[in-house]
Amino acid sequence: MAHTDHLTMRRVLRREIAGTIGLLTDEHDFRAMRCYRSFTFDDHKIYLEQVEALLRTRASQGSHTTIALFDPQEYAEFCAETGLDPDAPSSRTRFTAELATTGPTIPYDGRPLSDVVPVLVDEAVRQATWEYASILLARLGTCATCGEDIGRAAFTRAADLLVRILDTAPPGSRHLVCSVTGPPESLVSVLHADEDDQGAAHLDEAEALEFTTVLALGLATRSPGGLVMRTSAPGTTDRIYGWRLRGDGLEPLTAGEVFDAYCTDIDSGDLISPESGVDYCVPPDLGGTQAPPGHHH
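To keep things clear, this report deals only with the structure shown in the data block. Only a predicted model underlies this, so the values are computations on that prediction, with no experimental measurement involved. (Residues numbered from 1 in each chain as written. Predicted model: local features only at pLDDT ≥ 70, side-chain atom pairs only at ≥ 80, totals over all residues. Heavy atoms only, no water.)

Things to note about the overall build of the protein
Secondary structure summary: the protein contains nine helices and ten strands in total. Put simply, of all contacts in the protein between residues at least 6 apart along the chain, 63% involve residues at least 24 apart. Taken as a whole, the protein presents about 16000 Å² of accessible surface, with 54% of it coming from carbon and sulfur. (Helix = DSSP H or I, 4+ residues; strand = E, 2+ residues; numbered from the N terminus. Contact = heavy atoms within 4.5 Å. Areas by Shrake-Rupley, 256 points an atom, 1.4 Å probe, with all protein chains shown as cover.)

Okay, here's the thing in structure tokens:
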């Protein structure tokens, strides 16, 4: 009987897939969808197992499937705007097709769903962060003195700083974190850069765009914030160094400041034991990280 039920569930899922499946990644979102009579699943764990089984079946048949993050609130808004019945499988299919072109998606590559979900959630957070930071940058408008687009100028400067940071970094893989303190809220962006055999850095374009946008927002609004780099290479100790956002430029942190930042619990303020095999150090010279003299926005 259970086997028959599982086959029925899989058929239900298959009808709602058109090359893309909208995944309910957490229990809260799953419960929100249960208010629709046409959504026939009643157990999130079994739902995920059936999605994974279907994905594996499609992959074995040579079908490529894209996984998108299904947000019940966005779905309800989509149905209200388009006049669709939210309690119809065809509406979910249409919304999922829309996600394939506008929302965060990743291709299914055969990994267990438990490995895929965190990647998909990270992608969604990254896209939301980029969209939010972009809106705030655009709202800054033009400079009253020179007429220049403030957000665009800050983005150009942030991109230049990122290139210099990567160019001056030691060989190996790089892990960058940029944090900008609100208002209205704080933003954090992460960027990974791996080096090829010729020493060239390889970046994920979406990651780099989001990172540059968040850094640009910090520079344009002169918000408190910081940027930390961790480099790793075989046979060497990891190096950690960073800068604080100061005005519309970067100011190097001392080795002691980097050590304190990494070895202090954010919530309690208690000291944390430093990692072994890690060198907390002063950053390389970027060749002048303050904005050039003259007019400042």
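Picking up after the structure, the text goes on.
Details of the sheet that holds strand β2 (residues 66-69)
Strand order across the open sheet formed by three strands is β1-β2-β3, with mixed pairing between neighbours. Each of the sheet's edge strands pairs with one partner strand only, and the pair in question is β1 (20-23) and β3 (105-107). Direction aside, the axes of adjacent strands within the sheet are offset by 25° on average. Strand direction decides the pairing type here: β1 and β2, joined by four bridges, are parallel. (Pairing = 2+ DSSP bridges. Axes fitted to C-alpha atoms, helices over the stretch in contact; angles between N-to-C directions.)

What about helix α4 (residues 72-82)?
All of the buried residues in α4 are P72, Y75, F78 and C79. For α4, the angular spread of buried residues about the axis comes to 115°, placing them on one side. Turned more than 90 degrees away from the buried face of α4 sit Q73, A80 and E81, all of them exposed. Residues of α4 that are buried make contact with α2 (27-33) and α5 (89-102). Between a side-chain oxygen at the N-terminus of α4 and the backbone nitrogen of Q73 the separation is 2.8 Å; the capping residue is D71. A positive phi of about 75° marks G83, the residue just after α4. (Buried < 20%, exposed > 50% of the residue type's maximum accessible area, 1.4 Å probe, protein only. Arc of directions from axis to C-beta. Polar contact = N/O pair within 3.5 Å; in protein donor to acceptor, adjacent residues only side chain to side chain.)

A few points about helix α8 (residues 205-221)
Compared with an ideal rise of 1.5 Å per residue, which puts 17 residues at 24 Å, α8 spans 24 Å between its outermost C-alpha atoms and is within 8% of the ideal. In terms of burial, α8 is a largely internal element, twelve of the 17 residues being buried. For α8, the full list of buried residues reads E207, A208, E210, F211, T212, T213, V214, L215, A216, L217, G218 and L219. For α8, the N-terminal capping position is held by D204, with its side-chain oxygen 3.0 Å away from the main-chain nitrogen of A206. R222 lies just past α8 and shows a positive phi near 50°. (Expected span 1.5 Å × (residues − 1).)

Describing the pattern of salt bridges
For the structure on display, the rule yields twelve salt bridges. A salt bridge links R111 to D109, with the nearest nitrogen and oxygen atoms 3.0 Å apart. Across the pair R244 and E257 runs a salt bridge, and its minimum N-O distance is 2.8 Å. Residue R244 is located in strand β8 (residues 238-246), and its partner E257 is located in helix α9 (residues 255-262); the two are separated by 13 residues in the primary sequence. With relative accessibility at 29%, the residue E257 sits in the partly exposed group. It is possible to trace a salt-bridge network through shared partners that takes in E123, R126, D204 and E207. (Salt bridge = Lys/Arg side-chain N within 4 Å of Asp/Glu carboxyl O.)

A short note on the pairing of strand β9 (residues 249-252)
Side-chain positions along a regular strand alternate between the two faces of the sheet. One ladder, built from four bridges, connects β8 with β9; its direction is antiparallel. Counterpart to R244 in the pairing with β9 is E251. From the end of β8 to the start of β9, which pair antiparallel, there are two residues, and G247 there has a positive phi angle of about 65°.

Concerning the packing of helix α6 (residues 113-139) against α8
Two elements in contact, α6 and α8, have axes separated by 9 Å at closest approach and are oriented at 35°. When you trace α6 past α8, the crossing you get is left-handed. Where α6 abuts α8, its residues R126, T129, W130, A133, S134, L136 and L137 lie against A206, E207, L209, E210, T213, V214, A216, L217 and A220. Residues that form the contact of α6 with α8 fall into these classes: ten nonpolar, three polar and three charged. (Left-handed = near helix turned anticlockwise from the far one by under 90°. Nonpolar A, V, L, I, M, F, W, Y, C, P; charged D, E, K, R; others polar.)

As for the nonpolar core
Ranked by size, the top nonpolar core spans 31 residues in total, and within it I165, L176, L215, L227 and L250 carry the most contacts. Elements represented by at least two residues in this core include exactly α6, α7 (150-168), β4 (173-180), β5 (187-195), α8, β7 (225-232) and β8. Sorting elements by how many residues they give to this core places α8 first, with seven residues. Not counting residues within four places of it along the chain, the set of residues in contact with I165 comprises L176, L227, M229, W243, L250 and L286. Formed by 25 residues, the second largest nonpolar core is a distinct cluster that contains Y47, F70, L99 and V117. (Core = buried A, V, L, I, M, F, W, Y, C linked by side-chain atoms within 4.5 Å.)

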